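Okay, here's what each chain looks like letter by letter:
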Amino acid sequence: MSTRLRYPGQPASPGTALGELHRTDRPFPTPTPTPTRVPRQPADAGTGTGTAYGPGGTAADTAAEGAECGCGTGDPATEGSGEPAISGRADASSGTPASASAPAGPSGPRRLTALPAPADAGETAGAPEAGGLVADAFDTAADRLHAVAAGLRARGDEEQADIIEIGGLIARDPDLRQHALRLVAGGADPADAVHEAVDAQARAIAALGDPVLAERAADVRQVGRRVLAVLHGVQEPPPDRPVVLAAREIGAADLLEPGRTVTAALSVTGGPNSHAAIVARSLGIPLLLGVDPLVLDLPDGVETLVNGAAAVVHPAAGERESALAAIAAVRERRAQLAAERHLPARTVDGHPVTLRANVATPADVRAGLLAGADGVGLLRTELPFLDAVRWPSRARHTIALGPVLAPLAGRITTVRTLDFADDKLPPFLSADRPAGRGIGRGLPLMLARPHAFGEQFTALLAAAAGARAELRIMIPMVADVGELRACRALLDRAAAELDLPAPPLGIMVELPEAVRRIDELAREAAFLSLGTNDLTCQLLELDRRDPAAGPASTAHPAVLRAIAAVVAAARTHRRPVSVCGDAAAHPLVLPLLVGLGCDTLSVAPSALDEVRAAVRRLDHTSCREAAAEALVLRTAEQVHHLVRCRLPALPD
């Protein structure tokens, strides 16, 4: 009987989930094993014809595609009027589907097993055999990707299937594999040959002048990792099998990578306001931080239960049954909440609240609209470029924006310009970062490169006009009016170039400096949006990675007083004001925001049903009274107690 192991942690995204452990940053074994080659059967998929792998974006361009799994309590109801989907995603690009774990022929599935270490570089007698191993590894990776794409296409997920199919084409690219085979023929170790060939082609593609092809470098490297995994005998979990990811530091890309049905994630480091934590809450994936590093030594595939503030490996039968019952109860509750989507978000005493969605991908938009969002209150634009090697061009922005804006015709769509930070830092900024220092605010970096910033404005205007979306542009991390005016000059120039009217230009209020200058900023900005994640950290002097920096901390009286000042300035200058931080979905903060006058809330699609239900059970007068009392308290804990006493029906 397997030993039960418990690993406590800090829940950055709460929920209950069950799945097989999968470490995302596990090193490949060394020295490199040499697998025995078993003759492969002919593949049904076609062959690639070079390095032009298709018109779509990289996997990150359309990350977070779909949410349809059954082993967690964190994910939104995104699939219409039937049973709501729960924690995890059913998209695919790496790993092997259950029906295609090893492409089979008349003799059955092909398998690779380890042999002794490879010959020295000077010994070439084994080169033909090694070359066959490399060819088989490329073919196996391609077969798996094409099988996953076919499965996605069969269920109507054409958009994601196209993305996966690009990986299959890369794996069949004759130039890539011939480079590796030439190196093997010269005596190189198979894995070293694949690594060198992939690296050379990725660097060559990244250096191309064509902005679309240049971004294929990340795709080539991703396929290279899959080919290496085949050579090393490392098995990716099938895309339809629920997994609990583990890593020293879980990144947003780990949660978003196609090909994984992620039910939960465990991270040794990281903070509740890190980009990964925000994405986890957006997807409804339970995430534990500060987990014991020993969890990284566990083998992949062990059953893992994430529940509350702990992960349990090899859970007892009773724990497993309780978890499954909790998951079923959450599924039932989500179905009940989804049935209320036609009802208005209005308090019991008739006060209306507008609900919008925080999105980054086409799937987010579809989920938000399905859940009854009035529009988009925050469209994150930096996600597709976290692996970019150069500032994104207008063409790259257009490719990323088009599918996201397409469903939003006639709807308010608030797009935030690029918002890079130390926990979401692309390669083209990493090189410029001083040793041992962070990049600080992203806005000064944007303004220091007016051409690159102008490219985004131009792409936004053109893409929104094509989609007929009601565009509003939002600038993050604004500190003073001078920065806002500089942004407006770039926007006006882009609008004049396209002969289009300039859309409303607003700001995210995230800095103490902005709060101090809020009257002046409200006079200049077309609208204000409270970014409570960063605002809370800044005002309370918390690092985004600090466990105390979660959404509940927005209830601190100092933060509430800042929010009240922003709302007052917005009213003075008759500007719309909204909240787009995670605090808008927190049950102990939501009533305070409504009571302070924040009548537009933008939350993750997964939270829309819950927020609507909470609003419909609130009394606006009671919220105003509680908020007024909270402003004069001293701690967030005192405010939490106040809300529980005044509004006991709300869940904690």
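Residues numbered from 1 in each chain as written. Predicted model: local features only at pLDDT ≥ 70, side-chain atom pairs only at ≥ 80, totals over all residues. Heavy atoms only, no water.

**Some details on the overall build of the protein chain**
Here is step 1: Counting its regular elements, the protein chain contains 23 helices and 20 strands.
Here is step 2: Here the protein chain holds 652 residues, and the buried ones make up 56% of them.
Here is step 3: Across the protein chain, contacts joining residues at least 24 apart in sequence account for 73% of those joining residues at least 6 apart.
Here is step 4: Accessible area of the protein chain: about 25,200 Å², with a carbon and sulfur share of 53%. (Helix = DSSP H or I, 4+ residues; strand = E, 2+ residues; numbered from the N terminus. Buried < 20%, exposed > 50% of the residue type's maximum accessible area, 1.4 Å probe, protein only. Contact = heavy atoms within 4.5 Å. Areas by Shrake-Rupley, 256 points an atom, 1.4 Å probe, with all protein chains shown as cover.)

**Regarding the packing of helix 11 (residues 394-405) against helix 14 (residues 450-467)**
Here is step 1: Orientation of helix 11 relative to helix 14, taken along the N-to-C sense of each, is 35°, at an axis distance of 9 Å. In terms of crossing hand, the pair formed by helix 11 and helix 14 is right-handed. Packed against helix 11, whose contacting residues are Arg-394, His-397, Thr-398, Leu-401 and Leu-405, the element helix 14 presents Glu-455, Gln-456, Thr-458, Ala-459, Leu-460, Ala-462, Ala-463, Ala-464 and Ala-467 at the interface.
Here is step 2: Each residue belonging to the contact of helix 11 with helix 14 can be placed in one class, and the counts come to eight nonpolar, four polar and two charged. (Axes fitted to C-alpha atoms, helices over the stretch in contact; angles between N-to-C directions. Left-handed = near helix turned anticlockwise from the far one by under 90°. Nonpolar A, V, L, I, M, F, W, Y, C, P; charged D, E, K, R; others polar.)

**Some details on empty space enclosed by the protein**
Here is step 1: The full count for this structure, using the stated rule, is five cavities of 30 Å³ or more.
Here is step 2: Roughly 150 Å³ of internal volume is contained in the largest cavity.
Here is step 3: Forming the boundary of the largest cavity are 16 residues, of which Ile-278, Arg-380, Arg-416, Asn-533 and Asp-534 lie nearest the centre.
Here is step 4: Secondary-structure elements contributing two or more residues to the lining of the largest cavity are helix 8 (275-283), strand 14 (376-380) and helix 18 (532-540).
Here is step 5: Of the residues contributing to the lining of the largest cavity, the split by class is four nonpolar, four polar and eight charged. (1 Å grid on protein atoms, 1.4 Å probe; cavity = no way out; pocket = protein on both sides within 12 Å on 5 of 7 lines; lining within 4 Å. Points joined across faces, edges and corners; volume = space filled by probe spheres on them.)

**Notes on the nonpolar core**
In a soluble, globular protein the nonpolar side chains are often hidden away together inside.
Here is step 1: In terms of nonpolar packing, the biggest core is built from 117 residues, with Leu-528 and Leu-601 touching the most fellow members.
Here is step 2: Excluding anything up to four places from it in sequence, Leu-601 contacts Val-353, Thr-354, Leu-355, Arg-356, Val-579, Ala-584, Leu-590, Val-594 and Val-611.
Here is step 3: Formed by 32 residues, the second largest nonpolar core is a distinct cluster that contains Val-134, Ala-202, Ala-206 and Val-227. (Core = buried A, V, L, I, M, F, W, Y, C linked by side-chain atoms within 4.5 Å.)

**Concerning the pairing of strand 15 (residues 412-416)**
Here is step 1: With five of five residues buried, strand 15 lies mostly within the body of the structure.
Here is step 2: The alternating pattern of strand 15 places Ile-412, Thr-414 and Arg-416 and Thr-413 and Val-415 on opposite faces, both of which are buried.
Here is step 3: Judged from the three bridges that link them, strand 14 and strand 15 form a sheet pairing that is parallel. Within strand 15, the position partnered with Leu-379 by the bridge is Val-415.
Here is step 4: Regarding topology, helix 11 serves as the crossover connection from strand 14 to the parallel strand 15, and that connection is right-handed.
Here is step 5: Where strand 15 and strand 16 (residues 470-475) come together, five bridges link them in parallel fashion. (Pairing = 2+ DSSP bridges. Right-handed = clockwise from strand over helix to strand, strands pointing away.)

**Observations concerning unusual backbone geometry**
Here is step 1: You will see that His-314, though not glycine, has its phi angle at about 55°, which is positive.
Here is step 2: Mapping His-314 onto the fold places it in the loop between strand 12 (310-313) and helix 9 (317-338).
Here is step 3: Its identity as a non-glycine residue notwithstanding, Arg-574 has a phi of 55°, on the positive side.

**Some details on the packing of aromatic side chains**
Here is step 1: Here the structure, examined in full by the defined rule, presents two aromatic pairs.
Here is step 2: The interplanar angle of 25° and the centroid separation of 4.7 Å between the aromatic rings of Phe-453 and Phe-457 together place this pair among those described as stacked. Taken as a pair, Phe-453 and Phe-457 lie in helix 14 at a separation of four residues, close to a single helical turn.
Here is step 3: For Phe-453, a relative accessible area of 0% gives the class buried.
Here is step 4: Exposure remark for Phe-457: the relative accessible area of 0% places this residue in the buried category.
Here is step 5: Above the face of the Phe-527 ring, Arg-472 is positioned so that its terminal group lies 4.0 Å from the ring centre. (Phe/Tyr/Trp six-rings, centres within 6.5 Å; stacked < 30°, edge-to-face > 60°. Lys NZ or Arg CZ within 6 Å of the ring centre and 35° of its normal.)

**Thoughts on the pairing of strand 20 (residues 600-603)**
Here is step 1: Burial of the side chains of strand 20 extends over both faces: Thr-600 and Ser-602 are buried on one face and Leu-601 and Val-603 on the other.
Here is step 2: Sheet topology places strand 13 (residues 354-359) next to strand 20; four bridges connect them, and they run parallel. Along strand 20, the bridge assignment pairs Arg-356 with Ser-602.

**Considerations on the sheet that holds strand 3 (residues 16-23)**
Here is step 1: A sheet is described by the order of its strands in space; here eight strands give the open sequence 1-12-11-3-8-9-10-2, paired in mixed fashion. The open sheet has two edge strands, strand 1 (5-8) and strand 2 (10-13), and neither has a second partner. Mean inter-strand twist for the sheet, computed between neighbouring axes without regard to direction, equals 30°.
Here is step 2: Both strand 3 and strand 8 (residues 242-247) contribute to a ladder of four bridges, which runs parallel.

**Notes on the pattern of salt bridges**
Here is step 1: All told, the structure shown has 23 salt bridges when counted by the stated rule.
Here is step 2: Ionic pairing is found between Arg-203 and Asp-199, a salt bridge with its closest N-O pair at 2.9 Å. Taken together, the residues span about one helical turn, with Arg-203 and Asp-199 both in helix 4 (residues 190-206) at a distance of four residues.
Here is step 3: Owing to a relative accessible area of 49%, Arg-203 belongs among the partly exposed residues under this scheme. (Salt bridge = Lys/Arg side-chain N within 4 Å of Asp/Glu carboxyl O.)

**What to know about the confidence of the model for the protein chain**
Here is step 1: Considering every residue of the protein chain, the mean pLDDT works out to 81; 79% of them sit at 70 or more.
Here is step 2: Contacts from residues 31-36, a stretch scored under 50 in pLDDT, to residues over four places away or in other chains number 26 contacts.
Here is step 3: Here residues 38-70 scores under 50 on pLDDT; set against residues more than four positions off or in separate chains, the count is 115 contacts. (pLDDT = per-residue confidence, 0-100.)

**Quick look at helix 15 (residues 481-498)**
Here is step 1: Helix length check: helix 15 (18 residues) gives 26 Å between terminal C-alpha atoms against 26 Å at 1.5 Å per residue, within 8%.
Here is step 2: Among the structural elements, helix 13 (442-447), helix 14, strand 16, strand 17 (505-509) and helix 17 (518-524) are those in contact with the buried residues of helix 15.
Here is step 3: For helix 15, the capping residue at the N-terminal end is Asp-480, with a side-chain oxygen 3.0 Å from the backbone nitrogen of Gly-482.
Here is step 4: Among the residues trailing helix 15, Asp-499 stands out with phi positive, at a value near 55°. (Expected span 1.5 Å × (residues − 1). Polar contact = N/O pair within 3.5 Å; in protein donor to acceptor, adjacent residues only side chain to side chain.)

**Considering the environment of Leu-228**
Here is step 1: With respect to the helices and strands, the residue Leu-228 is situated in helix 6 (residues 216-231).
Here is step 2: Note on Leu-228: relative accessible area 10%, which makes it buried.
Here is step 3: Taking C-alpha positions, Leu-228 is 7.7 Å from Ala-137, a pair spaced 91 residues apart along the chain.

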